[in-house]
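# Chains, contacts and geometry: an overview
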Amino acid sequence: MRRRLLISSLGCILMGVSVFAQTRLEDKLQGVNDLRAIMEIVDQHYTDLQRQGIDRLPGEPKWKHWQRWAWYMSSRLGENGEFVDISRRLSGAHARMQHTHPVRSTVSDWSFIGPSLSTYANSWGVGNGIGRVDRVVFHPSDANTIYIGTPAGGLWRTTDGGTTWEPLTDFLPSTGISGIVVSHANPNVLYILTGDGDSNIPGGFVNDWAYIRPSIGVLKSTDGGTTWNQTGTLTNNTFYGFRLIQDPNDADILFAATSTGIFRTTNGGDTWQNVRGGKHYDIAFKPGDSDRVYATKPGGVRYSVNGGTNWNLATLDSTINSNGRVELAVTPDDPTVVYLIAGPRIDSTMFNGIFRSTDSGENYVQMTNAPNILSGASDGIGDGDQSQYDLAICASPTNSDHIFTGGVIIWKSLNGGMTVANVTTLWEDPGETWYVHPDVHDLAFNPLNNHLYAATDGGLYVSTNLGFDWTDLSEGIETTQIYHMTGVASDFNRLLIGNQDNGVKLRTANNANFMHLNSGDGFDGSFVAGDPSQFYVTVNTGVDRYWNNGLNRTAISPGTGTWYNTVVAHIVDPNMVFVGSDTVFRSPDQGATWDTLGASGTWAIATAPSNGNRLYTAGAGWFGPSPNGRVYRSDNTGTSWDTISLNPGFPSSFNKVTDLAVRPTNSFTIWASFGGFSNGTRVVRSTDGGANWTDMSGTLPAVPVNCLAVDDDGSAYAGTDLGVFYRAPSMSDWIPFSNHLPVVPVTDIVIYNTELRVSTFGRGVWKSPKPNTCSVAIGLSGSLSGDQYHEASFSISSDAVIEGGVGTWVAFKAGDQIQMTPGFNAKSGNVFKAYLGTCASGGVPTNE
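These numbers were taken from a predicted model, which means no experiment stands behind them.

## Concerning the pattern of salt bridges
Counting across every chain of the model gives 27 salt bridges. Where Arg135 meets Asp198, a salt bridge forms, and the shortest distance between an N and an O atom there is 3.1 Å. With Arg135 in strand β2 (residues 135-138) and Asp198 in the loop between β7 (190-194) and β8 (218-221), this pair connects stretches of sequence that are 63 residues apart. Summarising the burial analysis for this pair, Arg135 and Asp198 share the class buried. Ionic pairing is found between Arg157 and Glu166, a salt bridge with its closest N-O pair at 2.9 Å. The class for Glu166 is partly exposed, based on a relative accessible area of 32%. Through salt bridges with shared partners, a single network forms among Arg135, Asp198, Arg243, Asp282, Arg325, Glu327 and Asp442.

Below, the structure written as structure tokens:
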């Protein structure tokens, strides 16, 4: 039976806790430009709120978003630990690879494993979803063709109403999509505004370098998303996108709302002009009118009556006492109506309200400001909001009184905002059909059929009856953002992944279904020796033990209070487990009791497969970079430690250590990788347990190396923000190893006898055969796009067509001859190179 929906009247007044959280934190962060210093202030701020009984912990959303930002940024700093424009650094490194790398090895051939489906592993798990979706737009004449933008997995399209999905931007150097336009004049013309605006954290200096990648501008496709090209430059400053719209009458006119202003093009993107400065969250044309445009900014709304050339201040009957996010909605049912949702107030976590204009955006009346629809509570009672991260409002195209709002959950009004009722719940409820994954980034009606769509942290949902029932369309949207992955040598099918927003998932069969265990930010995991039906996971600040393939769970945290702990089970003893935090903890009894061991394991922790007593860890008091970080070794399961990062060959100044990998057949051979955008050391190796180190960076690109894996024979694999690289013991350098792998950060690597598995931050899990010997001769036909490298010991012949535009670079390498036969075509806007050289020799040839 459905629980009663709470209806709020206009006159209802709720008392909220007076919190100066956001303003106080912004004040504290003014002028602070060091990651460690920023997070010390943030952690102290939320710790103080906890002591005052104001904030919920450990899962307080705002604090968790800060920790996500910190984890990501800590391995993506500059040469001296400074903040950098991540997207431009990656794009620059990607472009340099086009000119200097053979780019991709012929022996790699990556294909997707999952998750594309996630069923429940138990009856009590909540928060199921596959991956975050930020934006949803529609084909102008086909109701079944829908486009979605994701923060780390690019642009996706369905042509059958959401039954199946296909990615359109896997090989672009920026995967965050914050705005989409399908041209009403020609639906094969697509525009995407890049950069993850919704993850942009407000707070003084941090506003300039938010979590995940900034924008690289607007990209355009004229063939339905097959190929992409960069449009004109919006700005040379670091910025983030929020919304992209098209003039209803002139398809060449578009507006982009960004963190540094509103930009307009009148020539289909060839050039852009900044028509209004400052951050703007949302923008919309008055339906059918090319002259009147509405735009929201922090704490306010503006309108233009001359196509965006000049902007006027709208009048609100109740002041939006906030510098927070404001979103808007219009409807063709009554083009004079404009809705706003704004919140929260500076002195509260309650939202400012829903506002309505009936004179085309010049004057607004507050319709309601209660209950608190920004919280996750179904009754709206209580404080809390995360509107800077997710806030949405839409109006029905057939009834201007029907509006829906999105925050943590979805609310609706059938009387123009005077009263509101919740139509989704925070968590799954047995027997209910109205669960939609929390944190709603976009709401939109498809004007062709009046279906309502919700883009959320867990995927995409649709309602065909004004929010009464919802259908999950997320199956096939393969955009899971994975922090870590672990496998089992004895069970080829078994994988455990920790995911942003979507908790912990377990794969037990040879399919794309990763069963959902529980919610939160699942981070790290480890299977129990000899019994892979048991495993440990870390989620937010906690540690859990699972058994019976996830049917049972118990919390076993040593009480570190640290976000995103590392965990590893002993390779022999099924009862022993280690947790890496500010210090390293060891439990001899599956987490019932804990010993405090010293050292630090905040960055990485690794056991030696050939020696159960040997353990390596890396870390500092926090996720930040050196000088406080160290690498440690223990030969007695953590009872005592040696600091091995001060020994000869280890860089004296380094960015965060991102991973440690031990050669399975030799516990004294240890590899370490580093994050950051530095031309210095990327990877080091020691063959004597850390007494001496050798720089193994070679010609790896100057991008973060996120993970390492070492095979029995000493072959090494490095996962970076630009793909996978491979180095055999006989090679003097690395070769790229990423054919058909999307350009997305690789976060973990698992080696099997004949196959590799990698997890990615935005495109799920992929597999490839391990390297093999070179073919004598190969022939290549068909379409070649994305990043590809093909080599043969004697000859290559090809009649292929190289296409794809931005992000495509293809190289051929042969020992004796390369022949382009009739039909071969390297299209303009793509990169192709061919050269002669010894197959499987490694190294990165120059372009000189």
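Having seen the model, we can carry on.
## Quick word on the confidence of the model for the protein
Predicted confidence across the protein gives a mean pLDDT of 88, with 89% of residues reaching 70 or more. Here residues 203-211 scores under 50 on pLDDT; set against residues more than four positions off or in separate chains, the count is 42 contacts. Every residue in residues 844-848 is under pLDDT 50, and counting partners more than four places away or in other chains gives 15 contacts.

## Some details on the nonpolar core
Residues Ile38, Met39, Val42, Trp66 and Trp69 are the most contacted members of the largest nonpolar core, which totals 31 residues. Residues Ala606, Ala608, Ile644 and Phe654 belong to the second largest nonpolar core, which totals 19 residues.

## Details of the sheet that holds strand β46 (residues 642-643)
Ordered by their spatial adjacency, four strands build an open sheet running β43-β44-β45-β46, and the pairing between neighbours is antiparallel. Of all strands in the sheet, those with a lone pairing partner are β43 (604-608) and β46, marking the two edges. With two bridges joining them, strand β45 (residues 630-634) and β46 adopt antiparallel strand pairing. Bridging from a neighbouring strand, Arg633 pairs with Asp642 of β46.

## Regarding the packing of aromatic side chains
One pair of aromatic rings is described through two measures. These are the centre distance and the angle between the planes. Inspection of the entire model under this criterion finds 36 aromatic pairs. Centre to centre, the rings of Trp563 and Tyr564 are 6.1 Å apart; their planes meet at 75°, and the pair counts as edge-to-face. In terms of burial, Trp563 and Tyr564 fall into one category: buried. Their ring planes at 55° and their centres at 5.2 Å tell us that Phe824 and Phe832 sit as a pair that is tilted. In this structure an aromatic cluster arises from ring pairing among Tyr46, Trp63, Trp71, Tyr72, Tyr483, Phe523, Trp563, Tyr564 and Phe761. Its guanidinium or amino end placed over the ring of Tyr72, Arg76 lies 3.9 Å from that ring's centre, counting from NZ or CZ. The ring of Phe492 carries Arg757 above its face, with NZ or CZ at 4.2 Å from the centroid.

## Notes on the environment of Met367
Inspection of the secondary structure puts Met367 in strand β22 (residues 363-368). Residue classification places Met367 among the buried residues on the basis of a relative accessible area of 13%. It is 5.6 Å that separates the C-alpha atoms of Met367 and Ile354, two residues lying 13 residues apart in sequence.

## So, the pairing of strand β6 (residues 177-182)
Counting buried residues in β6 gives six out of six residues, a clear majority hidden from the surface. Sheet topology places β6 next to β7; five bridges connect them, and they run antiparallel. Among the inter-strand pairings, Gly179 is bridged to a residue of β7, identified as Leu193.

## Quick word on the pairing of β22
Across a regular strand the side chains alternate sides, sitting on one face of the sheet and then on the other. Strand direction decides the pairing type here: strand β18 (residues 315-316) and β22, joined by two bridges, are parallel. By the bridge assignment, Thr315 is partnered in β22 with Asn363. As paired elements, strand β21 (residues 353-357) and β22 share three bridges and run antiparallel to each other. Residue pairing for β22: Phe355 is matched across the bridge by Gln366. The hairpin turn running from β21 into β22, its antiparallel successor, is five residues long, and Ser360 in that turn takes a positive phi close to 60°.

## Thoughts on the side chain of Asn706
For Asn706, the position within the fold is in strand β51 (residues 705-710). Judged by relative accessible area, Asn706 falls into the buried class, the value being 10%. A polar contact is formed between the side chain of Asn706 and the side chain of Arg76, at a distance of 3.4 Å.

## Some details on unusual backbone geometry
Cis geometry marks the peptide bond from Gly114 to Pro115; its omega dihedral reads 0°. Looking at where Pro115 falls in the secondary structure, it is placed in the loop between β1 (111-114) and β2. Here the phi dihedral of Asn548 falls at roughly 55°; this positive angle occurs in a residue that is not glycine. Along the polypeptide, Asn548 turns up in the loop between β37 (542-547) and β38 (552-555). Overall, the relative accessible area of 42% leaves Asn548 in the partly exposed class. Its identity is not glycine, yet Gln590 carries a phi of approximately 60°, on the positive side. With respect to the helices and strands, Gln590 occurs in the loop between β41 (584-587) and β42 (595-598). The exposure class assigned to Gln590 is buried, which follows from its relative accessible area of 19%.

About the cut-offs
- Residues numbered from 1 in each chain as written.
- Predicted model: local features only at pLDDT ≥ 70, side-chain atom pairs only at ≥ 80, totals over all residues.
- Heavy atoms only, no water.
- Salt bridge = Lys/Arg side-chain N within 4 Å of Asp/Glu carboxyl O.
- Helix = DSSP H or I, 4+ residues; strand = E, 2+ residues; numbered from the N terminus.
- Buried < 20%, exposed > 50% of the residue type's maximum accessible area, 1.4 Å probe, protein only.
- pLDDT = per-residue confidence, 0-100.
- Contact = heavy atoms within 4.5 Å.
- Core = buried A, V, L, I, M, F, W, Y, C linked by side-chain atoms within 4.5 Å.
- Pairing = 2+ DSSP bridges.
- Phe/Tyr/Trp six-rings, centres within 6.5 Å; stacked < 30°, edge-to-face > 60°.
- Lys NZ or Arg CZ within 6 Å of the ring centre and 35° of its normal.
- Polar contact = N/O pair within 3.5 Å; in protein donor to acceptor, adjacent residues only side chain to side chain.

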